[in-house]
Amino acid sequence: MEELAKAYDHRDVEARWYARWMEGGWFTADPDSEKPPFTIVIPPPNVTGSLHMGHALTVTIQDILIRWKRMAGFNALWLPGTDHAGIATQMVVERQLAKEGVSRFDLGREKFIEKVWEWKAIYHARISDQIKAMGCSVDWTRERFTMDEGLSRAVREVFVRLHEEGLIYRADRLVNWSPGCMTVLSDLEVEYEERQGSLWHIAYPVVGSDERLVVATTRPETLLGDTAVAVHPDDPRYQHLIGGEIQLPLTGRRIPIIADGILVDMAFGTGVVKVTPAHDFNDFETGQRHGLPAISVLDKQARLNENAPEAYRGLDRFVARERIVADLDAQGLLVKIEPHTLNIGLCQRSGAVVEPMLSPQWYVKVEPLAVPAAEAVRSGRTKIVPATWERTYFHWMDNIRDWCISRQLWWGHQIPAWHCDACGEVTVTREDPTACAHCQSGAIHQDEDVLDTWFSSGLWAFSTLGWPDETKDLKTFYPTSVMETGFDIIFFWVARMMMMGIHFMGEVPFDTVFLHAMVRDEKGEKMSKTKGNVIDPLDVSKELGADSLRMTLAGLAGQGRDIKLSMKAVESSRAFVNKIYNASRFALLNLEGFDPAAPAPASLNRIDAWILSRLDRAVTRVTECLEGFQLNDAAQTLHQFFWSELCDWYIELAKPLLYGDDAEARDATRWTLVRVLDASLRLLHPFIPFASEEIWSRLPLGGGRPEALMVADFPRPGDVPRDEAAEAAVDLLQAVITGVRNIRGELGIPPGKPVRLVLRCPDAETAATLAAEELLLTRLARLEEVAFETGGERPRGSAMQLAGSVEVCVPLAGLIDFNEELARLDKAIGKAEKSRGQFAAKLANPRFVDNAPADIVEAERHKLAEADDALARLQSSRARIAELAAEG
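Residues numbered from 1 in each chain as written. Predicted model: local features only at pLDDT ≥ 70, side-chain atom pairs only at ≥ 80, totals over all residues. Heavy atoms only, no water.

A. Focus on the overall build of the protein chain. The number of helices and strands found in the protein chain is 27 helices and 29 strands. Since a compact globule built from 888 residues should have a radius of gyration of about 29 Å, the 37 Å found for the protein chain marks it as more spread out than a globular shape. Counting only C-alpha atoms, the protein chain reaches 115 × 75 × 55 Å along its principal axes. Counting the 888 residues in the protein chain, one finds 53% classified as buried. Carbon and sulfur atoms provide 49% of the accessible area of the protein chain, an area that totals close to 39600 Å². (Helix = DSSP H or I, 4+ residues; strand = E, 2+ residues; numbered from the N terminus. Rg over C-alpha atoms; globule rule 2.2 N^0.38 Å. Buried < 20%, exposed > 50% of the residue type's maximum accessible area, 1.4 Å probe, protein only. Areas by Shrake-Rupley, 256 points an atom, 1.4 Å probe, with all protein chains shown as cover.)

B. Molecular detail of the sheet that holds strand S13 (residues 334-347). Taken in spatial order, the 3 strands make up an open sheet running S8-S7-S13, and their pairing is antiparallel. Strands with a single pairing partner mark the edges of an open sheet, and in this sheet they are strand S8 (212-217) and S13. This sheet shows a mean twist of 20° between the axes of neighbouring strands, independent of strand direction. Bridge count between strand S7 (residues 190-205) and S13: 13 bridges; the pairing is antiparallel. The residue bridging Ile202 from the neighbouring strand is Leu334, located in S13. (Pairing = 2+ DSSP bridges. Axes fitted to C-alpha atoms, helices over the stretch in contact; angles between N-to-C directions.)

C. Up close: the packing of aromatic side chains. This model, assessed by the stated rule, comprises 27 aromatic pairs. Note on Trp119 and Tyr123: the rings are 4.0 Å apart at their centroids and 25° apart in plane angle, and the pair reads as stacked. Residue Trp119 and its partner Tyr123 are both found in helix H5 (residues 109-133); the two are separated by 4 residues, about one turn of the helix. A residue is classified by how much of its surface remains accessible, and Trp119, at 12% relative accessible area, is buried. Residues Phe576 and Phe642 carry aromatic rings whose centres are separated by 6.5 Å and whose planes lie at 90° to one another, so their mutual orientation is edge-to-face. Of this pair, Phe576 sits in helix H17 (residues 567-589) while Phe642 sits in helix H19 (residues 631-659); the two residues are 66 residues apart in sequence, bridging distant segments of the chain. One exposure class covers both Phe576 and Phe642, and it is buried. Each residue in the set Trp17, Tyr18, Trp21, Phe27 and Phe690 is aromatic and connected to the rest through ring pairs, giving one cluster. The ring of Trp410 has Arg104 sitting right over it, with the charged end atom 4.7 Å from the ring centre. The cationic tip of Lys655 hangs over the ring face of Phe586; the distance from NZ or CZ to the ring centre is 5.1 Å. (Phe/Tyr/Trp six-rings, centres within 6.5 Å; stacked < 30°, edge-to-face > 60°. Lys NZ or Arg CZ within 6 Å of the ring centre and 35° of its normal.)

D. Geometry of unusual backbone geometry. In this model, Trp467 is joined to Pro468 through a cis peptide bond whose omega is 15°. Within the element layout of this structure, Pro468 appears in the loop between helix H12 (460-463) and helix H13 (472-477). Between Tyr478 and Pro479 the backbone carries a cis peptide bond, its omega angle lying at 0°. Within the secondary structure, Pro479 sits in the loop between H13 and strand S22 (480-486). Of note in the backbone geometry, Met182 takes a positive phi value of approximately 60° without being a glycine.

E. A look at the pattern of salt bridges. Throughout the structure, instances matching the rule amount to 52 salt bridges. Across the pair Glu157 and Arg430 runs a salt bridge, and its minimum N-O distance is 2.8 Å. Taken as a pair, Glu157 in helix H6 (residues 149-164) and Arg430 in the loop between strand S19 (426-428) and strand S20 (444-446) lie far apart in primary sequence, 273 residues in all. The residue Lys842 makes a salt bridge to Glu860 at a minimum N-O spacing of 3.8 Å. With Lys842 in helix H25 (residues 818-844) and Glu860 in helix H27 (residues 854-887), this residue pair connects regions lying 18 residues apart in the sequence. Since its relative accessible area comes to 36%, Lys842 is described here as partly exposed. The class for Glu860 is buried, based on a relative accessible area of 6%. Within this structure, Arg219, Glu221, Arg317, Arg321 and Glu355 form a network of salt bridges that share partners. (Salt bridge = Lys/Arg side-chain N within 4 Å of Asp/Glu carboxyl O.)

F. Geometry of the state of the cysteines. Counted according to the given criterion, the structure contains 0 disulfides. Free of any disulfide, Cys423 has its nearest cysteine sulfur in Cys420, 3.7 Å distant. Residue Cys423 is classed as partly exposed on the basis of its relative accessible area, which comes to 35%. (Disulfide = S-S within 2.5 Å.)

G. How the structure looks around the sheet that holds strand S29 (residues 806-811). Strand order in the open sheet made by the 4 strands is S27-S26-S29-S28, with mixed pairing throughout. Edge positions in the open sheet fall to strand S27 (783-789) and strand S28 (798-803), since each of these has one partner strand only. Within this sheet the neighbouring strands show an average axis-to-axis angle of 20°, counted without direction. In this sheet, S29 lies alongside S28 in antiparallel orientation, the contact comprising 6 bridges. Residue Gln801 lies in a different strand from S29, and its bridge partner there is Val808.

H. Region of the structure containing the side chain of Glu645. For Glu645, the position within the fold is in helix H19. Note on Glu645: relative accessible area 10%, which makes it buried. Residues in contact with Glu645, not counting those within four places in the same chain, are Trp610, Ile611, Arg614, Gln640 and Tyr650. (Contact = heavy atoms within 4.5 Å.)

I. Geometry of a negative patch on the surface. A surface patch of negative charge is lined by Asp661, Asp662, Glu664 and Asp667. With respect to the secondary-structure elements, Asp661 resides in the loop between H19 and helix H20 (663-684). (Patch = residues over 30% accessible without salt bridge, like charges linked within 9 Å, V, L, I, M, F, W, Y side chains within 5 Å. Lys, Arg positive; Asp, Glu negative; His and termini not counted. Charge placed at Lys NZ, Arg CZ, Asp CG, Glu CD.)

J. View of helix H18 (residues 606-627). Compared with an ideal rise of 1.5 Å per residue, which puts 22 residues at 32 Å, H18 spans 32 Å between its outermost C-alpha atoms and is within 8% of the ideal. Within H18, 17 of the 22 residues are buried, which leaves it mostly tucked inside the rest of the structure. Where H18 begins, one side-chain oxygen reaches toward the backbone nitrogen of Ile607, 2.9 Å away; that side chain belongs to Asn605. (Expected span 1.5 Å × (residues − 1). Polar contact = N/O pair within 3.5 Å; in protein donor to acceptor, adjacent residues only side chain to side chain.)

K. View of the pairing of strand S18 (residues 417-420). The two faces of S18 match: Ala417 and His419 on one face and Trp418 and Cys420 on the other face are all buried. Connecting S18 to the next strand, S19, in antiparallel fashion are 5 residues, including Gly424 with a positive phi near 85°.

L. Molecular detail of the packing of H17 against H20. Between H17 and H20, whose axes approach to 11 Å, the crossing angle comes to 155°. The orientation of H17 with respect to H20, classified from their angle, is roughly antiparallel. In this structure, H17 crosses over H20, and the sense of that crossing is left-handed. On H20, the residues that touch Phe576, Ile580, Ser584 and Ala587 of H17 are Leu673, Leu677, Leu681 and Leu684. Of the residues that constitute the contact of H17 with H20, the class distribution is 7 nonpolar, 1 polar and no charged. (Parallel < 35°, antiparallel > 145°, perpendicular 65-115°, else oblique. Left-handed = near helix turned anticlockwise from the far one by under 90°. Nonpolar A, V, L, I, M, F, W, Y, C, P; charged D, E, K, R; others polar.)

M. A look at the confidence of the model for the protein chain. Looking at the protein chain as a whole, its pLDDT mean stands at 92, while 99% of the residues score no less than 70. Model confidence for the protein chain, summarised as mean pLDDT per element, is weakest for strand S24 (residues 519-521) at 81 and strongest for strand S2 (residues 75-79) at 98. (pLDDT = per-residue confidence, 0-100.)

N. Broad picture of the nonpolar core. By size, the foremost hydrophobic cluster in this structure holds 139 residues, and its most contacted members are Leu757, Leu759 and Leu812. Per-element accounting of this core gives the leading share, 14 residues, to H19. Filtering out sequence-adjacent residues up to four positions away, Leu759 remains in contact with Val736, Leu770, Leu777, Val786, Ala787, Phe788, Glu789, Val806, Glu807 and Val808. (Core = buried A, V, L, I, M, F, W, Y, C linked by side-chain atoms within 4.5 Å.)

Right under this line is the structure:
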């Protein structure tokens, strides 16, 4: 069998093995398989650019779960795809066109959509390549796109059915309007930012009286659309005015004075509130209660429209604000201006200030869908991990409002509704109509709006499997097993998939929702281009290998904790991958003449029995962690087992046996080494698929081996025997060797210098246990000689450490010169005290602490702490040497 290359080249290995996996067809699930299904549908990335580190975390977690379940005997389907991402993609393409001096309106709808499809083709291919580069074992034969023919048919079918059921309707309501994107936004697409603004106090003259009602507003430009002023019905100051009218400044209109105990708090401000139903959500509700007209004074670009006085028409809202305030002041109606802190709603995409605007839109009546979706989680049919997110899910579901699903965009699923120019009715059908369903007129036109992106995404768990057709895939793989995604889209996506899945499939779309946290930089700050702290997953993979990044992300992915990612962490994982590779290469070089077809050894020595027992514990723990979605604990268990127990201990303990003259012992150790490497690589494969596959392909496993590691069986608890006695004996041996090494380190005894060792044991059985491993003990602890004692006095002038109940004693005579060592330590202590004093003095200086950047001050505090620690260690060592010098 071909040897492993001397050094691990991740670029060569990754390209070669991904191609081999694809050729083998091992990513493809079989709907006719008798294996139990395990399904994940990938959260479809937007076709707007490259994958970021959040995507890298998502695909890493999902691939770990899929590879584990595939190896554990499941019919594992990981279905890939991409999202058309209506508003995001349209904005990106519009920005590209703007660089060429062209707008979408210049092109027209059809030509613009052609441009977007061209963009999609380029970036879809790029995203697919990036997913492959991460080692993702997705079933490419089932790849979907939210606007492909099949999914578009599913979207239309859902719209029509919900409309037929009375759950989709069209209504004039106040919406969040983005003047930057020229479309309505959902509440979830509005981001809020605290800004400093003003509160303008304006006097409204009462008709037929000298009285004036003073209102306070943060938006004087909407005054032009006021249709009432409101007071509290129990406010004695204004009861005599209820039912009267005021003269609306600057407009020549009269509007009523109404009483409303919901809108008005008579203890706040003047107790008088202006009512502008077309430009404020609370005012809209008030207008509905009182039958007030809604006068919109802004157009879609947030300019004053024809309903405003002629002097203000065409002005931008903020320019109009200044003009209106000046005119009010000139008429003596501006009472005062106060500074005021505002919570401003901004468009998530364009950054424009969002405008409440009255507009006809399409809505989904959500409550009938939300109630069963909330109950599914309450009853445990779907479990949310971590469970702390259940409360958030319930709060949103129990307080949900109807969902505005129309968007004023061109890119997306155009709403399948046709308006009749003759009778004004609307026709909603599965096929494009040629005439109005109500009056048979042929003068019809399709609604120009498209559906909210999340409408099609909400169908992803079943539309991707062939619905509305009753396909084999749908029957086999729905409901899916796990929905793994970021906590930030629990409302955008998870909740809507729950509602749609239950309503159209009669069953929850997934058994478990696993929510991961956010990937931040090493300081815990959000990654952003403006901060310059973005870590590109593809750059990292190219430089350090996909396995290194995957292992890092898995190791940091603790439930409910944000990930603080640094390049040092990825470099550490690369060192782990290299450790696996080099240790495996060493083992393979020492397997010459090994017969994989030979029967298992009749008996195992204590060292071999120990590593097999430890392997079984690792298998059990990793399996438990994967089942509990504790991927970070699984990764840490693997790291501890392979690096510490297998490499640092077993291989070192096995070397005398591998190099020894006892052929029977050598064969048993070779058999054990192959068995442990085989199982270890199977355990590691879901986390580091490339390196594990490359190494495993070289293992001498004999006939009947699977074609690839990715389709081999995952280790099961109990595959190898536990041996408590062997574990106890080797654990004691390790503790003794570690004790000797610690003494060397503390006293500066060179690692290669042989020492004498006295082991003071509590009983003869313990002494015999250690004496049986004298050869290994002598080799690994670098001993000149060793004595096993069960009584007597501790040797004078010896350093001692405890290894359980055993005293590990190293006589120091001839090893160190006490006086010379004390002089060296005194000099080092003096130097350390001086260094510490410099740091302390700097931090005691108020000018430094108050004026230096916070990170510089924090760095100095860290240096002081390190100096304190170093000084304490030196002082402890000196005290120890002085004590030993006094003894000897």
